[in-house]
Amino acid sequence: MILEQITAQLSETLKSRVLVLFGHAVDRVVLQAPPRLAMGDLATPLCLELAKALKRKPREIAETMAKDLELPTFVEAVSVEGAGYLNFRFDRGAFTAAHIRTVMEPGPAPGERVIVEHTNINPNKAAHIGHIRNAVLGDTLVRLLRWLGYRVETQNYIDDTGVQVADVVVGFERLQKEGVAEVQKHIDDPSVPFDYYCWDLYSRMAVYYQENPEAQQWRRDTLHRIENQEGETAQLAALVARAIVKQHIATMLRLDITYDLLPKESDIIHQHFWARAFEMLKESGAITLEQEGKHKGCWVMKLAETEQFEGMDEPDKILVRSNGTVTYTGKDIAYQLWKFGLLDRTFNYRKFLTYPDGHVLWESSHDSETDPAAPKFGGAKKVFNVIDVRQSYLQKVVKEGLRLLGYTREADNSIHFSYEMVALTPATAKALGMELSAEDAGRAYVEMSGRKGLGVKADDLMDAMQQKATDAVRDGGKAEGLSDEEMRALGRTVAVAALRYFMLKYGRNKVIAFDFDEALTFEGDSGPYLQYSTVRVHNIFRKMKERGVDALIDDRSLDALTLNEGLTDEMWELVRLSADMPAAIRRAVDSLELSVVTHQLLELAQKFNSFYHKYPILNEKDDAERQRRAVCAEVFRRTMTKTLELLAIPVPERM
RNA sequence: GCGCCCAUAGCUCAGCUGGAUAGAGCGUCAGCCUCCGGAGCUGAAGGUCGUAGGUUCGAAUCCUACUGGGCGCACCA
């Protein structure tokens, strides 16, 4: 926070000084940490940029600027360096003393209502690692937004009436000749998790369709009955979807991922969201009924004139088919309108479950009454849809729909948080029993396929990671006195850190070629490395307390803090990096590039480990020197603890 | 055909709105536990930033064209 204030202040000062001295207006000033610490703590190439406009030499401008420049608090000196950079040096001691009190303090809260929709797994099979990437990105975004002061509502949309569920229902009814009673038995069978059972059934069904194309009729009939809530088929679909959603919720809870609301497709149909949206679209002229051509009889959204879509072969998007039924895109527009509170109808709600921490998860319902205890959902200022990049086109169409309806602001605030898919390395695919063509074996990665039942199940991966972590705890010799149960809990903690970090550390536009060995490393650029560093710093303070050594970081000692010249470069770098964390979080959210935060954390932890080896604290006899070191360690501890909490990476007592 | 994304060290990736000598992790090699925990630390080797032009005082970063790879562009969800 302090650093952000200094940067803002400095930026203003420089701008006005350029104006006063040269009569030139600058709209932004780049201020960043110079490449090497020796150069200072903040630097700007401002004078290099000005050189041309002012027709003067950069260094000359810089000298003029630097002379008698008014510096903000904590900034000690300004100098001209290199080709004409202005470099600023902080008063390390004073800055550190102020910073330690305000580590990871958020800025003013905007308080805006924001919806983040993520996870959205089809409720017809077990979650796989691709879904974990989605959920971890979404959940982390939620946490960061909350820290920034937004009021965030987390939605996990359940498509309980789609073909995917229908296919599993067909599998039960036609392939296995089973009804509600038998399926309930599968659900209650503890030997095979129901989502795993359906994973296999779903891929069996896909094979069956391939071999018996006429069976596609079953799918159409089943889908129809589900949509119209007809008979036992509809009941069965609801039963299957509900049971699997429960397992997805449980799977995600292992990673500490929770939701506020499960809006269901079936309720969107039941509450006639589309009917209302359809009226709005017709009234505004956003869609037209095609009178001729290949789309005759369809209601179509014309996108040819919008620049986003120009040059496309098929710039028209059908929202209502010639048989009068609405497409997925149509429903999505209606749902998006609801999220912004633009649809004059809403869901009814009931409790789905209560999480162990007491937080209630709600679901939409078409009960005649809504639960009066339900909070107000929807009506957000900004909506983030966490969906993989393959849905970009669709998301653009939905956005354009809002714009054509005249909701320009909402269209701008419909944000598609897109990310690349998780694929498998050929080695991992092979290990899973996938038969690879020669071509596939030579590729960098192979795509997963739910239809073919090819993929790494989320729970399997977590089990494997947990097992490996538990073994590491046992072998590490730090587990003396721990029960098996405690060791497993510790293993779970490490596994969660490893997995969440793994999903965050790549840029969102990178395809993750998933490899077991890579995901199971707990060294170097990994979640456990961050945990380990934090456990270490906790230990220092615990040991000092045990041995009665005063760390001198209590409030009174901090008041009397005089760090002055004592901070070495290594110590100061820790503080400087810590101070950068809030800005890194802001940058991560603004760019939706959450890896910015993990990179900042990694760099910070590396600096600490290096500091740790060089500067022992516990055995330092000189009070002033020990305090200096302890203060730096404490700054690190506070930064790590808070930031890891924001990423839902737990920190154990020991590991 | 049109659109989007990716290409940086042997491998996997960083590189913030153009800025100073392009950085990590893994792997390889050489070291470090009588000293707060070795899931760690120190050092070494390793790069024509896909290619060719262009803009700029300055390009891995911006523009153009190409090459290679991936993904989209349904009266499917």
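(A) Summary view of the protein's contact with RNA strand B. Close to RNA strand B lie 69 residues, the nearest being Arg-321, Arg-443, Asn-539, Tyr-612 and Met-655. Taking all atoms of RNA strand B within 4 Å of the protein, the share assigned to sugar and phosphate is 61%. Within the side chain of Arg-36, an N or O atom sits 2.6 Å from a base oxygen of RNA strand B. Contacts to RNA strand B include Gly-507, whose backbone N or O atom sits 2.8 Å from a phosphate oxygen. For the surface near RNA strand B, the secondary structure elements donating two or more residues are helix H2 (46–54), strand S3 (85–90), helix H14 (392–404), helix H21 (527–546) and helix H24 (595–614).

(B) Structural detail: helix H3 (residues 58–66). Along H3, the positions that sit buried rather than exposed are Ile-61, Ala-62, Met-65 and Ala-66. Along the axis of H3, the buried residues cluster in a sector spanning 125°; they form a single face. In the segment just after H3, Asp-68 is the residue with positive phi, at about 55°.

(C) Examining the confidence of the model for chain A more closely. Model confidence for chain A is summarised by a mean pLDDT of 93, while 98% of its residues fall at 70 or above. Interface confidence in the predicted complex, given as ipTM, is 0.97; pTM for the same model is 0.96.

(D) Geometry of unusual backbone geometry. The phi angle at Leu-592 is positive, at roughly 55°, despite the residue not being glycine. Of note, Leu-592 is situated in the loop between helix H23 (569–591) and H24. In this model, Ala-648 sits at a positive phi of 55°, which is unusual for a non-glycine residue. Among the secondary structure elements, Ala-648 is positioned in the segment after helix H25 (623–646). Residue Ala-648 is classed as buried on the basis of its relative accessible area, which comes to 7%.

(E) Here's a closer look at the pairing of strand S9 (residues 316–320). The element S9 is largely enclosed, with a buried count of 4 among its 5 residues. Relative to S9, strand S8 (residues 299–302) runs antiparallel, the two being bridged by 4 bridges. When the bridges of S9 are listed, Met-301 appears paired with Lys-317.

(F) Geometry of the side chain of Glu-363. Position of Glu-363 relative to the elements: it lies in strand S11 (residues 360–365). Here Arg-242 takes part through its side chain, which lies 2.9 Å from a polar atom of the side chain of Glu-363. A polar atom in the side chain of Glu-363 sits 2.7 Å from the side chain of Lys-264. Ignoring anything within four residues of it in the chain, the contact list for Glu-363 reads Arg-242, Leu-261, Leu-262, Lys-264, Asn-348, Tyr-349, Arg-350, Lys-351 and Phe-352.

(G) Representation of empty space enclosed by the protein within the structure. Throughout the structure, instances matching the rule amount to 2 cavities of 30 Å³ or more. As a volume, the largest cavity reaches approximately 50 Å³. Taken together, Arg-254, Leu-255, Met-462, Met-465, Gln-466, Arg-492, Ala-495, Val-496 and Leu-499 form the lining of the largest cavity. With 4 residues, the single largest contributor to the lining of the largest cavity is helix H19 (residues 484–505). For the lining of the largest cavity, a count of residues per class yields 6 nonpolar, 1 polar and 2 charged. Residue composition of the lining of the second largest cavity, by class: 4 nonpolar, 3 polar and no charged.

Quick notes on the rules
- Residues numbered from 1 in each chain as written.
- Chains lettered and ligands numbered in written order.
- Predicted model: local features only at pLDDT ≥ 70, side-chain atom pairs only at ≥ 80, totals over all residues.
- Heavy atoms only, no water.
- Near = heavy atom within 4 Å.
- Polar contact = N/O pair within 3.5 Å; in protein donor to acceptor, adjacent residues only side chain to side chain.
- Helix = DSSP H or I, 4+ residues; strand = E, 2+ residues; numbered from the N terminus.
- Buried < 20%, exposed > 50% of the residue type's maximum accessible area, 1.4 Å probe, protein only.
- Arc of directions from axis to C-beta.
- pLDDT = per-residue confidence, 0-100.
- Pairing = 2+ DSSP bridges.
- Contact = heavy atoms within 4.5 Å.
- 1 Å grid on protein atoms, 1.4 Å probe; cavity = no way out; pocket = protein on both sides within 12 Å on 5 of 7 lines; lining within 4 Å.
- Points joined across faces, edges and corners; volume = space filled by probe spheres on them.
- Nonpolar A, V, L, I, M, F, W, Y, C, P; charged D, E, K, R; others polar.

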